[in-house]
Amino acid sequence: MFSFPGSDPKPIHLDLSTLRETLAYMHDDMCRTPGLEKLRDALALALKEAEAAEATTRPAKVRFSAARFLPRRY
């Protein structure tokens, strides 16, 4: 991976609600599959961690810029 000197690393944007839904979907599948109890338990732990992280984070602020419509010049 390339890095540019002097550039500040940008914060990573994670969609925790989508992550939580995906983990819940996978956890439900593992509950119905015999022999994958350890994986089911690990997914349950990851699901709890995702819920805790989602509860402590603030939603991202979305800034909208005002739309300006310029007259068309012919």
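The written sequence of each chain sets the order in which its residues are numbered from 1. Under the rules for a predicted model, residues below a pLDDT of 70 receive no local features and side-chain atom pairs below 80 are neither given nor counted, while totals for whole chains, interfaces and linings still include all residues. Calculated side-chain values reflect all of the structure's heavy atoms, with hydrogen atoms and water omitted.

Novice: Would you mind going over the pattern of salt bridges with me for this structure?
Specialist: Side-chain pairs of opposite charge can arise where the charged atoms are in close proximity. By convention in these notes, a salt bridge is any Lys or Arg side-chain nitrogen within 4 Å of a carboxyl oxygen on Asp or Glu. Within the structure shown, the criterion is met by three salt bridges. Of the charged contacts in the structure, one is a salt bridge between Arg 32 and Asp 29, with a shortest N-O distance of 2.5 Å. A relative accessible area of 59% places Arg 32 in the exposed class. Accessible area is worked out with a 1.4 Å probe on protein chains only. A residue is then buried under 20% of its type maximum, exposed over 50%, and partly exposed in between. For Asp 29, a relative accessible area of 24% puts it in the partly exposed group. One salt bridge connects Asp 41 with Arg 40, and the closest N-O pair in it is separated by 3.2 Å. Given the relative accessible area of 44%, Asp 41 is considered partly exposed.

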